[in-house]
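# Understanding the architecture of this molecule
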Amino acid sequence: MTSSEHALLYLSPSVLARQYKFSGQCPPSAYVYLLLGLLLSPISNLVAWMGLAIVLMVVSLVVVILAVLPLCLTQLLAILIMLGLAGIVLLSPIIIGVVMGYAEAYIGRLGKCRNPIIGAVMGAIAGFVGGIPFSILSVIGGMIEETSSTSSTGAPPLVVMLLMVPCLSVFFAIGGAIGGYWGIREGIFCESCDVWYGKWSPAVSFGLAVMEPLARALNEQTDQPEDDGLEDGVAGMEGINRLMGEQYPSLTLKIRSCPNCQDADVQWQATAHWEKNKSKEWFKIMLPARLSRRLEKQLFS
């Protein structure tokens, strides 16, 4: 397909501007949860390392199987996977930090913290604190190996440890900041009900023909006040059917809403898929409940 065939239909600036915006609030109870998360950060560090070790062992087994097969393609694939594993090992402190930061943010969300910046700061602290034990073990292991392989005295062990431990822990903190920000940012909070939105509904796929009536409905009806005179459905969607299985090109739609009230805006996400590995998000916006209900009735019922 050409680039013109991949063009997404026009949505007005007022529609695209309907992004969810965090209130930035973080009540005192949330800080209690976040401090508890800091105390648990060494545990999340250990769990993350165990998970990473399992993944590395499974992938290494796959590499061994591919390497012994008498096919050039499988051996080349084994080499590429090995290079990927090496990259994962080098980036492992940041990866583990992301897991710890996300765990910290998840605990903060239990306390109803909806400030991604605070999530990032506390995630960085959790990554730094949780990474200290591993950093100490790594430095001690490196010192023992160096001592056994050389007769040079070098720097005093205590000085080396004091310098290297915080340097290594910084990488955990970087990952923690990313995970903490992401952990808060991915959620949506209903300020009226004082609860987080539920999970995304399962994605539903349609042919690209659904884009035209959907774009028209969003552009024309999103900002209209609620009125009994509005039609129950959206014109042009009568013959739109779901796609079964993986079919291309397609448009996938999914939604999430407040679990407690019917009047809160509903978040919609639409992604166009032209090929298996070629897709682009069309929109991710908050729709008024009245319009969302009409669209849901036609598209998801």
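Numbering of residues begins from 1 in every chain and follows the order in which that chain's sequence is written. The model is predicted, so local features are restricted to residues of pLDDT at least 70 and side-chain atom pairs to those at 80 or more, both for listing and for counting; the totals for chains, interfaces and linings are taken over all residues. Working from all heavy atoms in the structure, the side-chain values ignore hydrogens and water.

## Comments concerning the overall build of the protein
Here is the rule we go by: The helix and strand labels rest on DSSP assignments: H or I over at least four residues marks a helix, E over at least two residues marks a strand, and numbering proceeds from the N terminus. We call a residue buried when its accessible area falls under 20% of the maximum for its residue type, exposed when it is over 50%, and partly exposed in between, using a 1.4 Å probe and counting protein chains only. Throughout, a contact is declared for two residues whenever any of their heavy atoms are within 4.5 Å. To measure how exposed things are, a 1.4 Å probe is used in the Shrake-Rupley method; for residues, cover is taken only from the protein chains shown.
Scanning the protein for helices and strands turns up eight helices and six strands. Walking the protein from its N terminus toward its C terminus, one meets helices and strands in the order α-α-α-α-α-α-β-β-β-α-β-β-β-α. Looking at the protein as a whole, 38% of its 301 residues qualify as buried. In the protein, the proportion of contacts linking residues at least 24 apart, taken out of those at least 6 apart, comes to 78%. Carbon and sulfur atoms form 67% of the exposed surface of the protein, whose accessible area is close to 17,000 Å².

## Section: the packing of aromatic side chains
Stated precisely, the cut-off is as follows: When two rings of Phe, Tyr or Trp (its six-membered ring) have centres within 6.5 Å they constitute a pair, described as stacked for plane angles under 30 degrees, edge-to-face for angles over 60, and tilted for the intermediate range. Sitting over a ring, as applied to charges here, requires NZ of Lys or CZ of Arg to be within 6 Å of the ring centre and within 35 degrees of the ring normal.
Within the structure shown, the criterion is met by six aromatic pairs. Here Trp 49 and Phe 172 contribute two aromatic rings whose centre-to-centre distance is 6.5 Å and whose plane-to-plane angle is 65 degrees, an arrangement assigned as edge-to-face. Within this pair, whereas Trp 49 is found in helix α2 (residues 28-68), its partner Phe 172 is found in helix α6 (residues 157-185), the two being separated by 123 residues in sequence. Seen from their ring centres, Phe 189 and Trp 196 are 5.1 Å apart, and the 80 degrees between their planes marks the pair as edge-to-face. Considered together, Phe 189 and Trp 196 belong to a single accessibility category, that of buried residues. It is Arg 109 that lies over the ring of Trp 196; its NZ or CZ is 4.6 Å from the centre. The ring of Trp 200 carries the charged tip of Lys 254 above its face, separated from the ring centre by 5.0 Å.

## Here's the deal with helix α8 (residues 289-299)
Every buried residue of α8 is accounted for by Ala 289, Arg 290, Leu 291, Ser 292, Arg 294, Leu 295 and Leu 299. Packing partners of the buried residues in α8 comprise β3 (204-206), α7 (211-221), β4 (250-256), β5 (266-275) and β6 (278-287).

## Looking at the side chain of Gln 267
Stated precisely, the cut-off is as follows: Any pair of N or O atoms that falls within 3.5 Å is considered a polar contact. Within protein, one atom must be able to donate a hydrogen and the other to accept it, and sequence-neighbouring residues count only if both atoms are side-chain atoms.
Turning to its location among the elements, Gln 267 is positioned in strand β5. Within the structure, Gln 267 has its side chain in polar contact with the side chain of Arg 256 (distance 2.6 Å). The residues contacting Gln 267, other than those within four sequence positions of it, are Ile 188, Trp 200, Lys 254, Ile 255, Arg 256, Lys 284, Ile 285 and Met 286.

## Re the packing of α7 against α8
Going by this rule: Structural elements are reduced to axes, namely lines fitted to C-alpha atoms, with helices fitted over the stretch in contact, and the angle between N-to-C directions of any two is expressed from 0 to 180 degrees. Our angle categories are set so that under 35 degrees counts as roughly parallel, over 145 as roughly antiparallel, 65 to 115 as roughly perpendicular, and the remainder as oblique. By definition, any crossing whose near helix is turned counterclockwise from its far helix by less than a right angle is left-handed, and any crossing with a clockwise turn is right-handed.
At their nearest, the axes of α7 and α8 sit 11 Å apart, and the two run at 160 degrees to each other. On the basis of their axis angle, the class for α7 and α8 is roughly antiparallel. The hand of the α7/α8 crossing is right-handed. The segment α7 lies against α8, with Leu 214, Ala 217, Leu 218 and Gln 221 engaging Arg 290, Leu 291, Arg 294 and Leu 295.

## Details of the sheet that holds β5
The following threshold applies: Any two strands are treated as partners once DSSP identifies two or more bridges connecting them.
Spatial strand order, β3-β4-β5-β6: four strands in an open sheet with antiparallel pairing. Both edges of this open sheet fall to β3 and β6, since each of them pairs with a single strand only. Each adjacent strand pair in this sheet contributes to an overall mean axis angle of 20 degrees, direction not counted. For β4 and β5, the ladder comprises seven bridges, and the chain directions are antiparallel.

## A look at unusual backbone geometry
Omega for the peptide link from Tyr 248 to Pro 249 comes to -5 degrees, which places this bond in the cis form. Within the secondary structure, Pro 249 is located in the loop between α7 and β4. If you check the backbone angles, Lys 112 has positive phi at about 70 degrees while not being a glycine. The topology assignment puts Lys 112 in the loop between α4 (92-110) and α5 (116-149). Overall, the relative accessible area of 30% leaves Lys 112 in the partly exposed class. Despite not being glycine, Asp 194 has its phi angle at roughly 65 degrees, a positive value. As for its position among the elements, Asp 194 is in the loop between β1 (189-190) and β2 (195-196). A relative accessible area of 32% means that Asp 194 is categorised as partly exposed.

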